[in-house]
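Per-entry structural report
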Amino acid sequence: MTEMGAESLAEMLDERQHLLEIALWIFGSDTTADHVVQETYRRWYALDQEERAAIAVPRAWLTRTAGSICLELLADPDPDPVPGGLVTPAQPVPGPTSYQAGYSQVMLARHERVARRFAAACQAGNTDALREVLAADAIVVSDGGGKVRVAVRPTYGAEAVTRVVTALLIDQPETELAIGSVNGRTGLVLRRAGKAVAVASVSVAGAEVTAVWIILNPDKLQHWR
């Protein structure tokens, strides 16, 4: 395998992993996460060749699609698990292999660099720097679990994402915003009086943040307390 081929495989595996993390973050279920990823890729391959070629950043498209599927499941938590529905066992997506240990170091290092740029901008309250690290079609999703009043729909676009992140993470009095581990990767933890009140993780493509995932649900913050 050439170096180019290895890099392509690494990107593919990392792409699948971060799609799994999206669904795991929302549902906490390996089975549901796997179904979400399968449906995401099914929708990708349902596009014709011209439609796929017109997508400038496939990873960003897949991220948005996975997020949309999760929202669909939240609205209808008992889908019909038959061909054509969410579960499509006839179209399996290859899972991570032993190669994962090798590729993950390169991908995690890349993620680390971009995530730290995002975190530094948030810590400094620098909205210009925050906007610069976001992809033009970035998305932000927040989860209050029905216990915190937050937007129930994703927000799209660098400008809008900047406003949401600023409102939820930056413009918070008497809080401490620190870099921490979120789902095994670099993220942000917001604490008030030593108690975690929010955590944020990011999805990355190239040198940009394509998605910001903010957890506000108290039940999901137990780990950081």
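Just above sits the structure.
Read on for a plain summary of the structure. (Residues numbered from 1 in each chain as written. Predicted model: local features only at pLDDT ≥ 70, side-chain atom pairs only at ≥ 80, totals over all residues. Heavy atoms only, no water.)

**Structural notes on the packing of aromatic side chains**
According to the stated counting rule, one finds 2 aromatic pairs in the structure shown. Judged by centre distance (5.4 Å) and plane angle (65°), the ring pair of Trp-44 and Trp-61 falls under edge-to-face. Of the two residues, Trp-44 sits in helix α2 (residues 30-46) while Trp-61 sits in helix α4 (residues 58-75), which places them 17 residues apart along the sequence. Comparing Trp-44 with Trp-61, the two get one shared label, buried. (Phe/Tyr/Trp six-rings, centres within 6.5 Å; stacked < 30°, edge-to-face > 60°. Helix = DSSP H or I, 4+ residues; strand = E, 2+ residues; numbered from the N terminus. Buried < 20%, exposed > 50% of the residue type's maximum accessible area, 1.4 Å probe, protein only.)

**Some points on the pairing of strand β1 (residues 134-143)**
When you tally the buried positions in β1, you get 8 out of 10 residues, the bulk of the element. When β1 meets strand β6 (residues 208-215), the two strands line up parallel, connected through 6 bridges. Bridge pairing in β6 links Ile-139 to Ala-211. Inspection of the sheet shows β1 paired to strand β2 (residues 155-156) by 2 bridges, in the antiparallel sense. Directly across from Val-140, in β2, lies its bridge partner Thr-155. (Pairing = 2+ DSSP bridges.)

**Observations regarding the nonpolar core**
For soluble globular proteins, the rule of thumb is that nonpolar side chains tend to be buried together. Core analysis: the biggest nonpolar cluster contains 30 residues, and Leu-19, Val-36, Val-199 and Trp-224 have the highest contact counts within it. Secondary-structure elements contributing two or more residues to this core are α1 (3-27), α2, α4, β1, β5 (195-205) and β6. Contacts of Leu-19, omitting those with residues within four sequence positions, involve Val-37, Thr-40, Tyr-41, Leu-62, Thr-63 and Ala-66. The next biggest cluster of nonpolar side chains, apart from the first, holds 28 residues, and it includes Leu-134, Val-140, Leu-188 and Val-212. (Core = buried A, V, L, I, M, F, W, Y, C linked by side-chain atoms within 4.5 Å. Contact = heavy atoms within 4.5 Å.)

**Concerning the packing of α2 against α4**
In the contact formed by α2 and α4, the axes pass within 9 Å of each other and the chain directions differ by 125°. One way to sum up the angle between α2 and α4 is to call them oblique. Handedness of the crossing formed by α2 with α4: right-handed. Each of Thr-32, Val-36, Glu-39, Thr-40, Tyr-41, Arg-43 and Trp-44 in α2 lies in contact with α4, whose residues at this interface are Pro-58, Trp-61, Leu-62, Thr-65, Ala-66, Ile-69, Cys-70, Glu-72 and Leu-73. (Axes fitted to C-alpha atoms, helices over the stretch in contact; angles between N-to-C directions. Parallel < 35°, antiparallel > 145°, perpendicular 65-115°, else oblique. Left-handed = near helix turned anticlockwise from the far one by under 90°.)

**Focus: the sheet that holds β5**
Picture the strands of a sheet paired through backbone hydrogen bonds; they go either parallel or antiparallel. Across the sheet, which stays open at both edges, the 6 strands sit in the order β2-β1-β6-β5-β4-β3 with mixed pairing between neighbours. The open sheet is flanked by β2 and β3 (176-182), the only strands paired with a single partner. Sitting on the sheet, helix α7 (residues 158-170) is in contact with β1, β2, β3, β4 (185-192), β5 and β6, with an inclination near 40° to β1.

Function cannot be inferred from these measures alone, as they are strictly geometric.
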